[in-house]
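Residues per chain are reported as follows:
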Amino acid sequence: MKTKTIFSSIYIAVFRGVLLVASMSATSQLYAAEEWPTDDIRLVVPYSAGGTTDVLSRKVADLLQQQGLGNVIVENRPGAGSTMATGRLARGGRGSDHTILMASPGHAIGAAIYPGLRYDPVEDFTFIQNIIDIPNVMVVPADSPYDSVEAFVEAARKNEMTFSSSGVGSSIHMSGELFKNLTKTNLTHVPYRGSGEALPALLSGDVDVSFDNMPAVLSHIKSDGLKALAVTTPERSKYLPDVPTLQEVGKYNLDEFATSAWFGLITHNSFPQAGVDKLNAALEKVMQSEEFDSFISQLGAAPGKQSGEEFKAFIADEVARWKQTASEAGISN
């Protein structure tokens, strides 16, 4: 009887210990969720200051601060088509529990054209939220004889033509390569050192076509400096409602064409769930605000729709698509 009592006491003591540990763990997790962030949040821009990624990041940082997340500091870390900053994020380490990065098509394209990357563009990251999508626009000079995608494709199958971009590996370049691969047209890529050179070349007729980002060409389309033949997104843009999508053409394999200049927040896959939850809650309010809506309208952009696993699946599809496009075009760095 005495032995039984001793074992009962031990059992009760162990049970109470388990409850205490579980209680402490739950309290610790709740405390962490309530406390994050415990330091400044660093929003990394993998490009130089002044571009769309940088301008968007600074606006998002400001709006997140307005939601009470403390200081959100923007850091520009350009290099190797965004892969330098992205690789640093993938390695994690000190500060990774408060570091996020504004990813864009370069995240997926970099994986396609830079061999030997020391990170997996999908599995090494947590995908928080796609912030905006900006259509690319298929544009030709104002005096171009082509007024439709069909007319352009038929001509480009018979004759050598050129398409411009702001540089090898840009979303503009890869959109052109995808169009060339799908339509089997005779297009030669002419890369320039940024939009400052590429756009004047298109306006003057030095090249035949471009698949440029909406913000760069919208004013020229409105002023009849360029002709818009199609937008590259699956749906028409409300900023160019009379311009069809490439998918609407219905032939030349263009039913498979869908690209955009997307921008979204990602982080290291060890980032605390409390941080992801707080960022998602704050971003939901940010993206519903009038200030955000007014800002993205200036870019000709639409709010992003994917978050979490859906955003991750989208990136996986992007990586696969651009790897195939790069392989067919013989592109690598």
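Just above sits the structure.
1. A closer look at the overall build of the protein chain
Argument step 1. Helix and strand content of the protein chain: 11 helices and 10 strands.
Argument step 2. Buried residues in the protein chain amount to 47% of all 333 residues.
Argument step 3. Put simply, 79% of the contacts in the protein chain that link residues at least 6 apart link residues at least 24 apart.
Argument step 4. For the protein chain, the exposed surface amounts to about 16000 Å²; the carbon and sulfur share of it is 51%.

2. Section: the packing of aromatic side chains
Argument step 1. In total, this model carries eight aromatic pairs according to the counting rule given.
Argument step 2. Where Trp262 meets Phe311, the ring centres are 6.0 Å apart and the plane angle is 90 degrees; that geometry is what we call edge-to-face. One end of the pair, Trp262, is in strand S9 (residues 260-268); the other, Phe311, is in helix H11 (residues 308-329), and 49 residues separate them in sequence.
Argument step 3. On the basis of relative accessibility, which here comes to 0%, the residue Phe311 falls in the buried class.
Argument step 4. Taken together, the ring pairs in this structure connect Phe127, Trp262, Phe311 and Phe314 into an aromatic cluster.

3. Observations concerning the side chain of Thr83
Argument step 1. Relative to the helices and strands, Thr83 resides in helix H3 (residues 83-91).
Argument step 2. The class of Thr83 is buried, set by a relative accessible area of 8%.
Argument step 3. Within polar-contact distance, the side chain of Thr83 engages the backbone oxygen of Ala80 at 2.6 Å.
Argument step 4. Ignoring anything within four residues of it in the chain, the contact list for Thr83 reads Gly110, Tyr114, Leu117 and Tyr119.

4. Overview of the nonpolar core
Argument step 1. Counting residues in each nonpolar core, the largest one holds 48 residues, and the members touching the most others are Leu64, Ile131 and Ile132.
Argument step 2. With seven residues, helix H9 (residues 273-287) is the largest single contributor of residues to this core.
Argument step 3. Core analysis: the second largest hydrophobic core is formed by 47 residues, Leu89, Met161, Phe211 and Ile266 among them.

5. Here we look at the environment of Ser237
Argument step 1. Following the sequence through the fold, Ser237 ends up in the loop between strand S8 (226-231) and S9.
Argument step 2. Ser237 sits 100 residues away from Val137 along the chain, and the two C-alpha atoms are 9.9 Å apart.
Argument step 3. Excluding residues that lie within four positions of it along the chain, Ser237 makes contacts with Pro135, Met214 and Val231.
Argument step 4. Only 3.1 Å separates the side chain of Ser237 from the backbone nitrogen of Tyr239, close enough to count as a polar contact.

Rules used throughout
- Residues numbered from 1 in each chain as written.
- Predicted model: local features only at pLDDT ≥ 70, side-chain atom pairs only at ≥ 80, totals over all residues.
- Heavy atoms only, no water.
- Helix = DSSP H or I, 4+ residues; strand = E, 2+ residues; numbered from the N terminus.
- Buried < 20%, exposed > 50% of the residue type's maximum accessible area, 1.4 Å probe, protein only.
- Contact = heavy atoms within 4.5 Å.
- Areas by Shrake-Rupley, 256 points an atom, 1.4 Å probe, with all protein chains shown as cover.
- Phe/Tyr/Trp six-rings, centres within 6.5 Å; stacked < 30°, edge-to-face > 60°.
- Polar contact = N/O pair within 3.5 Å; in protein donor to acceptor, adjacent residues only side chain to side chain.
- Core = buried A, V, L, I, M, F, W, Y, C linked by side-chain atoms within 4.5 Å.

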